Amino acid sequence: MPDPIWLKDVKCPACDTAFKTARIKSSALKAKSMDSDFHKIYEGIRPLLYAVTVCPKCNFGQRNDDFDRVKLEYHPEIMNIAMAIRDSGKNIQFPDSREIDTETAVKKHQLAITFYKHWKPEDPLMIAGLYMHIAWMYREDGAKEREKEFIKHAHEYYIKTFEKGTHIPEKIGEPGIMYLIGELYRMQGDFVNAVNWFSRTVKHEIIGNFPNIESLTRDAWEKINEQKHKTNGS
Ligand SMILES: [Zn+2]
């Protein structure tokens, strides 16, 4: 199999530094399975490690697609943060390596999250998604406590996404976000809130357009019932 990782030449939109960053060829991705919170598992490769690009000079970081196309001239606040990091000399220097470990990828994600949090208007779905990436990378490593910590952050931003009602991804719609909020409650052991969200999800007026979400919701709800039976010893 040809090497799925390649080094792309990019230029930082904040400080103009040219550098190389590891990317994955999308043609190399073969999904094997998916967890109940939409975490996809691929054969022989962990694309999450390569999902974010960070400038080694000013540490400006974004999802790859955003890094490649973003223009910062109307975002002085973002520029100011990047320039302050660069001028402080405390920037994290990421090497041009094809190999990325979880800790490096987590650091990159955290830098990207910092910049997205200063972006106006804030996109809570983007932030939630990046926190989920971190949780999933820890899950792939079996680091349960750290996974939980980041699920909690992601959860908070999915709730913000729902409340704001903007940037709802078309693929899963509002019912999908509601299911996910419930499922993350379930994963954190809060069954009361999980069931509350699941019941709202299946009653959603457009749930008929998302049969997959409805079936995921019913499966997750069923898991709670099974868990309750076990606890009751019946
Ligand atoms: Zn830069």
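Use the structure listed above.
Quantities reported herein were computed from a predicted structural model and do not represent experimental measurements.

## A short note on the pairing of strand β3 (residues 31–34)
Across three bridges, the pairing between β3 and strand β4 (residues 40–42) is antiparallel. Following the sheet pairing, Ala31 is matched in β4 by Tyr42. Hairpin connection of β3 to β4: five residues between the antiparallel strands, including Phe38 at a positive phi of 75 degrees.

## A closer look at the packing of aromatic side chains
Evaluated as defined, the whole model comprises nine aromatic pairs. Ring geometry for Tyr179 and Phe198: centres 6.2 Å apart, planes at 25 degrees, overall stacked. In this pair, Tyr179 is assigned in helix α6 (residues 173–187) and Phe198 in helix α7 (residues 191–202), connecting sequence segments 19 residues apart. For the pair formed by Tyr179 and Phe198, the shared burial category is buried. Within the aromatic cluster, the residues linked to one another by ring pairs are Phe19, Phe60, Phe67 and Phe115. Of note, Lys108 hangs over the ring of Phe94, and the distance from its end group to the ring centre comes to 5.3 Å. The lysine or arginine in question, Arg200, covers the ring of Trp197, its NZ or CZ lying 4.4 Å from the ring centre.

## Some points on the side chain of His39
When you line up the elements, His39 lands in the loop between β3 and β4. Overall, the relative accessible area of 2% leaves His39 in the buried class. A distance of 2.8 Å separates polar atoms of two side chains, one belonging to His39 and the other to Glu140. When near neighbours in sequence (up to four residues on either side) are disregarded, His39 contacts Ser33, Met34, Leu48, Trp136, Arg139 and Glu140.

## Topic: the nonpolar core
Residues Tyr158, Ile181 and Ile213 are the most contacted members of the largest nonpolar core, which totals 56 residues. Secondary-structure elements contributing two or more residues to this core are β2 (18–24), β5 (52–54), α3 (102–118), α4 (124–140), α5 (144–164), α6, α7 and α8 (211–232). Of the residues forming this core, the biggest block, 12 residues, is contributed by α4. Three or more residues apiece are contributed to this core by two domains, here domain 1 (5–120) and domain 2 (168–229). Non-local contacts of Tyr158, meaning those with residues more than four positions away in its chain, are made with Leu125, Ala128, Gly129, Met132, Ile177, Leu180, Ile181 and Leu184.

## Description of the pattern of salt bridges
Within this structure, the stated rule accounts for 16 salt bridges. A salt bridge links Asp68 to Arg23; its shortest N-O distance comes to 2.9 Å. Pair noted here: Asp68 is in helix α1 (residues 64–69) and Arg23 is in strand β2, with a separation of 45 residues, a long-range link. Given the relative accessible area of 39%, Asp68 is considered partly exposed. Taking relative accessible area as the criterion, Arg23 reaches 7% and is therefore assigned buried.

## With respect to the coordination of the zinc ion
Bound to the zinc ion on the protein side are Cys12 (SG), Cys15 (SG), Cys55 (SG) and Cys58 (SG), at distances that span 2.3 Å. Geometry at the zinc ion is tetrahedral, judged from the four donor atoms that bind it and their angles of 104 to 116 degrees at the metal. Each donor residue of the zinc ion belongs to the same chain, with the gaps between them written as C-x2-C-x39-C-x2-C. Linking Cys12 in the loop between β1 (5–11) and β2 with Cys55 in the loop between β5 and β6 (61–63), this pair joins segments that are 43 residues apart in sequence. Since its relative accessible area comes to 1%, Cys12 is described here as buried.

## Thoughts on unusual backbone geometry
Geometrically, the link from Lys120 to Pro121 is a cis peptide bond, its omega value of -5 degrees lying close to zero. As for its placement among the helices and strands, Pro121 is situated in the loop between α3 and α4. Despite not being glycine, Asp16 has its phi angle at roughly 65 degrees, a positive value. Along the polypeptide, Asp16 turns up in the loop between β1 and β2. With relative accessibility at 52%, the residue Asp16 sits in the exposed group. Even without glycine at this site, Phe38 takes up a positive phi of about 75 degrees. By relative accessible area, Phe38 is classed as buried at 18%.

Here is what the cut-offs are and how they apply
Residues numbered from 1 in each chain as written. Predicted model: local features only at pLDDT ≥ 70, side-chain atom pairs only at ≥ 80, totals over all residues. Heavy atoms only, no water. Pairing = 2+ DSSP bridges. Helix = DSSP H or I, 4+ residues; strand = E, 2+ residues; numbered from the N terminus. Phe/Tyr/Trp six-rings, centres within 6.5 Å; stacked < 30°, edge-to-face > 60°. Buried < 20%, exposed > 50% of the residue type's maximum accessible area, 1.4 Å probe, protein only. Lys NZ or Arg CZ within 6 Å of the ring centre and 35° of its normal. Polar contact = N/O pair within 3.5 Å; in protein donor to acceptor, adjacent residues only side chain to side chain. Contact = heavy atoms within 4.5 Å. Core = buried A, V, L, I, M, F, W, Y, C linked by side-chain atoms within 4.5 Å. Domains from an automatic or database assignment. Salt bridge = Lys/Arg side-chain N within 4 Å of Asp/Glu carboxyl O. Donors = N, O, S within 2.8 Å, 3.2 Å for Na, K, Ca; no water. Tetrahedral: all angles 85-135°; square planar, octahedral: opposite > 155°, others 65-115°.

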